[in-house]
Amino acid sequence: MDTLIVGAGFAGATCARRLADAGHPVRVIDKRPHIAGNAYDRPNEHGLLVHEYGPHIFHTNSDKVVDFLSRFTAWRPYEHRVLAVPDAASGEAYPMPINRRTINALYGLDLDEAGVAAFLERVREPREPLRSSEDVVLNSVGRDLCERFFRGYTRKQWGLDLAELSAGVAARIPTRCNDDDRYFTDRFQAMPQDGYTRMFARLLDHPRIQVETGVAYDPARHAAERLIFTGPIDEYYGHRHGRLPYRSLRFEHEHRTDCDRFQPVGTVNYPNDHAYTRITEFKHLTGQVHGGTALVREYPCDDGEPYYPIPRPANEALFKRYQALAEAETQVHFIGRLAQYRYYNMDQVVAAALALCERLLQPSAAALEA
Ligand code: FAD
Ligand code: UDP
């Protein structure tokens, strides 16, 4: 069966390779001038590898996803660490997620793990059920830590209050009583050795895969027996039920020649100051050795490329109306962060794409057996 895939990000490229491996010819188009979707990276003008669309750190607990991607890249072990600066005037930086060191440094204490657990038990505001992100944060760390580390960041990032966002947003960030200062705790944490774009080039390098970049999907021009769509689902349906809200970002890249190390960890968050949410220094992620250093600042905004679905009940209800249209389709499939309107990490997108392909390939496997 002839398949057209719209989008050359993780969702589209994974489907393309899986179907091509199973014998199906696939055409992939992407409106951007490059492959790899939001994971696209490139050397900057000084030869430092930078992530065009903000920092992408790979982490997963799925062996299936690691096995699949490891066919196309070697890995550089990397555990991401983040500091938060709640008051830029003082410049004091604390581990994020909040851990024992955050609490002790912030309040001038010297608590052990049990002491931190007791402290949090005292300051938390128990909430039941945990519906909003505010519920999640107050329930785990209480009001003071919420105001210092979460409310301002969230307002900047989403243009909404914590109380207006579903629980899942803040639930991405754990609270720890020990000294573990890693941002993620997944079993597998690593960066593609030669970068994401090189990994995608190998992923899409297959005689049955044809890729065209700089080509926007046009239903009048792009006929196919089967369509896999990884762009915004509301756009596919001409916004007939109204626009699904997405949050965008403006990325400000900077190359510094005056220092070879700008900050002590990969990312520093600024919850309460500046128009940007965080600064990432790429050398931490890539391990590159260089006399200068490359940074990116993320400025959240409403208009621009859709990067984040906005998890809140009204949007989830609107998405369900589009999902109902999608479920009635037999030859069109929607997969990925924009098409499924889910706050997916990269590994979750790969897992979802592999699962879709398994479903799509089942009938032909049955036919082969018969
Ligand atoms: P995308 O990568 O968005 O790919 C969709 C592609 O479809 C795009 O290239 C787009 O140009 C194309 N397209 C859309 N509409 C059309 C059309 N009409 N015609 C042609 N082409 C079209 N995940 C992690 O696991 N770790 C991280 O550290 C991490 N950091 C992130 C940081 C930021 C700032 C952002 C925004 C996301 C981050 N993510 C991270 C999430 C990660 O980017 C996504 O999970 C993943 O890239 C989604 O893949 P996708 O294929 O679904 O979508
Ligand atoms: N968050 C916060 N303060 C922080 C870090 C995160 O309030 O210092 C909240 C904020 O709402 C953010 C969400 O937790 O959007 C998820 O954070 P994550 O770092 O996972 O966001 P992403 O990397 O996907 O932008």
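Note that this is a predicted model, so its numbers are computed, not measured.

Some words on the site of ligand 2
Here is step 1: Neighbouring ligand 2 are 15 residues, the closest being W158, R172, Y183, Y308 and Y343.
Here is step 2: Interatomic distance of 2.9 Å between a side-chain N/O atom of T154 and an oxygen atom of ligand 2.
Here is step 3: Within the side chain of Y183, one N or O atom sits 2.5 Å away from an oxygen atom of ligand 2.
Here is step 4: For ligand 2, whose accessible area on its own is 520 Å², the fraction buried by protein is 94%.
Here is step 5: The element that contributes the greatest number of residues to the shell around ligand 2 is helix α5 (residues 133–158), accounting for six residues.

Let's talk about the domain arrangement of the chain
Here is step 1: As assigned here, the chain comprises domain 1 (1–35 + 204–245 + 310–370) and domain 2 (88–170).
Here is step 2: With six residues of domain 1 in contact, the opposing surface of domain 2 contributes six residues.
Here is step 3: Carbon and sulfur atoms make up 63% of the area that domain 1 and domain 2 hide from each other, which totals about 530 Å².
Here is step 4: Seen at the junction of domain 1 and domain 2, the total is one salt bridge.
Here is step 5: When the shortest N-O distance is used, the salt bridge between R312 and E164 registers 3.9 Å.
Here is step 6: Run the count over domain 1 and domain 2 and you get four residue pairs in polar contact (both at pLDDT 80 or more).
Here is step 7: For the side of domain 1 that touches domain 2, a count of residues per class yields four nonpolar, no polar and two charged.

A look at the site of ligand 1
Here is step 1: If you check the shell around ligand 1, you find 32 residues, and the closest are D30, H56, I57, Y344 and M346.
Here is step 2: Within the backbone of F10, an N or O atom sits 3.1 Å from an oxygen atom of ligand 1.
Here is step 3: In the environment of ligand 1, an oxygen atom lies 2.7 Å from a nitrogen or oxygen atom belonging to the backbone of M346.
Here is step 4: Within the complex, the protein chains bury 96% of what would otherwise be the 1,000 Å² of accessible surface of ligand 1.
Here is step 5: For the shell around ligand 1, the elements supplying multiple residues, two or more each, are α1 (10–21) and α11 (346–369).
Here is step 6: Grouping the amino acids of the shell around ligand 1 by side-chain chemistry returns 17 nonpolar, nine polar and six charged.

Some thoughts on the nonpolar core
Where a protein is soluble and globular, its nonpolar side chains tend to be buried together.
Here is step 1: Core analysis: the largest hydrophobic core is formed by 102 residues, its most contacted members being F10, L69, F149 and F200.
Here is step 2: Counting residues per element, this core draws most heavily on α11, which supplies 10 residues.
Here is step 3: There are two domains that each give this core at least three residues, and those are domain 1 (1–35 + 204–245 + 310–370) and domain 2 (88–170).
Here is step 4: With sequence-adjacent residues up to four places away left out, F200 is seen in contact with A8, G9, F10, A13, I35, A36 and A39.
Here is step 5: V85, V268, I279 and L295 belong to the second largest nonpolar core, which has nine residues in total.

Some points on the pairing of strand β9 (residues 188–192)
Here is step 1: Where burial is concerned, most of β9 is hidden: four out of the five residues are buried.
Here is step 2: Pairing of strand β6 (residues 75–77) with β9 involves three bridges; the strand directions are antiparallel. Within β9, the position partnered with W75 by the bridge is P192.

Quick look at the layout of surface pockets
Here is step 1: Its boundaries defined by the atoms lining it, the second largest pocket holds a volume of some 300 Å³.
Here is step 2: Lining the second largest pocket are 17 residues, and of these A326, E327, F334, Q340 and R359 lie nearest its centre.
Here is step 3: Only α10 (313–327), β17 (332–334) and α11 provide two or more residues apiece to the lining of the second largest pocket.
Here is step 4: The residue inventory of the lining of the second largest pocket, partitioned by class, reads 10 nonpolar, three polar and four charged.

Points about helix α7 (residues 196–203)
Here is step 1: All of the buried residues in α7 are Y196, T197, M199, F200 and L203. Summarising the axial view, the buried residues of α7 lie within an arc of 160 degrees, below the 170-degree limit, and thus occupy one face.

Calculation rules
Residues numbered from 1 in each chain as written. Chains lettered and ligands numbered in written order. Predicted model: local features only at pLDDT ≥ 70, side-chain atom pairs only at ≥ 80, totals over all residues. Heavy atoms only, no water. Near = heavy atom within 4 Å. Polar contact = N/O pair within 3.5 Å; in protein donor to acceptor, adjacent residues only side chain to side chain. Areas by Shrake-Rupley, 256 points an atom, 1.4 Å probe, with all protein chains shown as cover. Helix = DSSP H or I, 4+ residues; strand = E, 2+ residues; numbered from the N terminus. Domains from an automatic or database assignment. Contact = heavy atoms within 4.5 Å. Buried area = accessible area lost by both parts, 1.4 Å probe. Salt bridge = Lys/Arg side-chain N within 4 Å of Asp/Glu carboxyl O. Nonpolar A, V, L, I, M, F, W, Y, C, P; charged D, E, K, R; others polar. Core = buried A, V, L, I, M, F, W, Y, C linked by side-chain atoms within 4.5 Å. Buried < 20%, exposed > 50% of the residue type's maximum accessible area, 1.4 Å probe, protein only. Pairing = 2+ DSSP bridges. 1 Å grid on protein atoms, 1.4 Å probe; cavity = no way out; pocket = protein on both sides within 12 Å on 5 of 7 lines; lining within 4 Å. Points joined across faces, edges and corners; volume = space filled by probe spheres on them. Arc of directions from axis to C-beta.

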